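Below are the chains, spelled out letter by letter.
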Amino acid sequence: MSELEPVPAASVVLISGASRGLGLAMVTDLLERGVKVAAFARTITPELEALAVQYPDTSCFGSVDITDAAGTQVFVKEVEAKLGVIDGLVNNAAVGQDSLHVHTAPERIEQIIETNLTAPLVLTRFWLRRLLGKGRRGRLVNVTSICGQRGYPGLVAYSATKAGLDGATRSIAREMSGRVLANAVAPGFFASEMSAVLGQTQLDAILRRTPSGRLTTPEEVVPVVRMLLLEDTNINGQAIVIDGAGSI
Ligand SMILES: NC(=O)c1ccc[n+]([C@@H]2O[C@H](COP(=O)([O-])OP(=O)(O)OC[C@H]3O[C@@H](n4cnc5c(N)ncnc54)[C@H](OP(=O)(O)O)[C@@H]3O)[C@@H](O)[C@H]2O)c1
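1. Structural notes on the overall build of the protein chain
Here's step 1: Of the regular secondary structure elements, the protein chain holds seven helices and seven strands.
Here's step 2: Tracing the protein chain from N to C terminus, the helices and strands come up as β-α-β-α-β-α-β-α-β-α-β-α-α-β.
Here's step 3: For a compact globule of 248 residues, the expected C-alpha radius of gyration is about 18 Å, and the protein chain comes in at 18 Å, within 12% of that figure.
Here's step 4: Taking the principal axes of its C-alpha atoms as reference, the protein chain extends roughly 50 × 45 × 35 Å.
Here's step 5: In the protein chain, buried positions account for 48% of the 248 residues.
Here's step 6: Residue pairs in contact within the protein chain that sit at least 24 positions apart in sequence constitute 71% of those at least 6 positions apart.
Here's step 7: Accessible surface, the protein chain: about 11,700 Å² in total, of which carbon and sulfur atoms supply 54%.
Here's step 8: Distance between charge centres in the protein chain, computed from 23 positive and 25 negative side chains, equals 5 Å.

2. Thoughts on the site of the ligand
Here's step 1: Close contacts around the ligand come from 30 residues, with Ser19, Thr43, Asn92, Tyr158 and Ser192 the closest.
Here's step 2: Between the ligand and Arg20 there is a distance of 3.1 Å, counted from an oxygen atom to a side-chain nitrogen or oxygen.
Here's step 3: Ser192 places a polar side-chain atom, nitrogen or oxygen, 2.5 Å from an oxygen atom of the ligand.
Here's step 4: Contact with the protein chains hides 97% of the accessible area of the ligand, taken as 880 Å² for the molecule alone.
Here's step 5: At the level of elements, α1 (21-32) and α5 (156-175) are the ones that each hand at least two residues to the shell around the ligand.

3. Comments concerning a negative patch on the surface
Here's step 1: A cluster of acidic residues, Asp65, Asp68, Glu107, Glu110 and Glu114, forms a negative patch on the protein surface.
Here's step 2: Within the element layout of this structure, Glu114 appears in helix α4 (residues 106-133).
Here's step 3: For Glu114, a relative accessible area of 31% translates into the label partly exposed.

4. Topic: unusual backbone geometry
Here's step 1: Even without a glycine there, the phi angle at Ser177 is positive, about 45°.
Here's step 2: Its place among the elements puts Ser177 in the loop between α5 and β6 (180-187).
Here's step 3: Even without a glycine there, the phi angle at Ala245 is positive, about 70°.
Here's step 4: Its place among the elements puts Ala245 in the segment after β7 (239-242).

5. Here's the deal with the sheet that holds strand β1 (residues 12-16)
Here's step 1: Spatially, seven strands are ordered β3-β2-β1-β4-β5-β6-β7 in an open sheet, and the strand pairing comes out parallel. Two strands in the sheet have a free side with no partner beyond their single neighbour: β3 (59-63) and β7. Neighbour to neighbour, the strand axes of the sheet diverge by 15° on average, direction disregarded.
Here's step 2: Pairing of β6 with β7 involves four bridges; the strand directions are parallel. When the bridges of β7 are listed, Ala184 appears paired with Ala239.

6. With respect to the packing of α1 against helix α7 (residues 218-230)
Here's step 1: Across the interface, α1 lies against α7 with an axial gap of 9 Å and an inter-helix angle of 55°. Classified by the angle their axes make, α1 and α7 are oblique. Of the two possible hands of crossing, α1 and α7 adopt the one that is right-handed. Between α1, through Leu22, Ala25, Met26, Asp29 and Leu30, and α7, the contact on the second element is made entirely by Pro218, Val221, Val222, Val225, Arg226, Leu229 and Leu230.
Here's step 2: When the residues that make up the contact of α1 with α7 are grouped by side-chain class, the tally is 10 nonpolar, no polar and two charged.

So, how was this worked out
Residues numbered from 1 in each chain as written. Predicted model: local features only at pLDDT ≥ 70, side-chain atom pairs only at ≥ 80, totals over all residues. Heavy atoms only, no water. Helix = DSSP H or I, 4+ residues; strand = E, 2+ residues; numbered from the N terminus. Rg over C-alpha atoms; globule rule 2.2 N^0.38 Å. Buried < 20%, exposed > 50% of the residue type's maximum accessible area, 1.4 Å probe, protein only. Contact = heavy atoms within 4.5 Å. Areas by Shrake-Rupley, 256 points an atom, 1.4 Å probe, with all protein chains shown as cover. Lys, Arg positive; Asp, Glu negative; His and termini not counted. Charge placed at Lys NZ, Arg CZ, Asp CG, Glu CD. Near = heavy atom within 4 Å. Polar contact = N/O pair within 3.5 Å; in protein donor to acceptor, adjacent residues only side chain to side chain. Patch = residues over 30% accessible without salt bridge, like charges linked within 9 Å, V, L, I, M, F, W, Y side chains within 5 Å. Salt bridge = Lys/Arg side-chain N within 4 Å of Asp/Glu carboxyl O. Pairing = 2+ DSSP bridges. Axes fitted to C-alpha atoms, helices over the stretch in contact; angles between N-to-C directions. Parallel < 35°, antiparallel > 145°, perpendicular 65-115°, else oblique. Left-handed = near helix turned anticlockwise from the far one by under 90°. Nonpolar A, V, L, I, M, F, W, Y, C, P; charged D, E, K, R; others polar.

All we've got here are geometric facts, nothing functional implied.
Written out as structure tokens, the structure is:
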């Protein structure tokens, strides 16, 4: 097998689920560092609108539902026309869960799997085909969760999607034979709209188990994602846990 050059830093990054929370924090961080950033969610929030005004030439935001494959593909082509070939993809969009498996309707299970696993895999396939078709190489970061590796009540379908995405990450890393660095970041619980459903008893249990006695913050996840997208690295096929050792 011939030896490949290291995969270069991403210069145009697409982030799903960027209207708030961790997605918005990653978009802001990369724009501040001069990276061209495209992002979508179902809602364009005032925060995204403000970033579009601040970075008119290096940003591209759209209102897209990730489960609408056709709409997502149209948006990808719009991004390419404005910013150039997308060589970094962050699969961040997801919906949470707060219901015991026995009380979760089959339609809700399907929706969680569609949003958190099927749609990101379909988007990743579309992105890879366009990237490789142009002879380019790239960086993939899947935002998964500690729930993909450890058990948490009330999160059965959600955990299944995150474990699934961790598994896909490893196989993409192998399948791409060094043309794409594919990794996952697996945060512990952090404060956001998604985790607002956690009750005090669940939060106390997580905090008791975490040596620092505090939750992870999005700001502690952002630099890891940035490193995986931009730095010279041979990290590939990994799921990097960021949870202050709460799950050890
Ligand atoms: N919060 C935690 O404790 C925690 C822990 C570990 C991992 N994570 C993971 O971290 C990532 C970010 O979570 P977060 O806490 O920042 O959640 P969040 O605040 O609920 O944000 C989720 C984002 O995904 C978007 N989204 C949801 N469904 C979508 C759809 N069908 N199409 C397009 N966009 C969609 C939302 O925007 P719209 O609603 O406007 O579409 C929003 O921008 C997720 O992958 C989550 O699983 C979170």
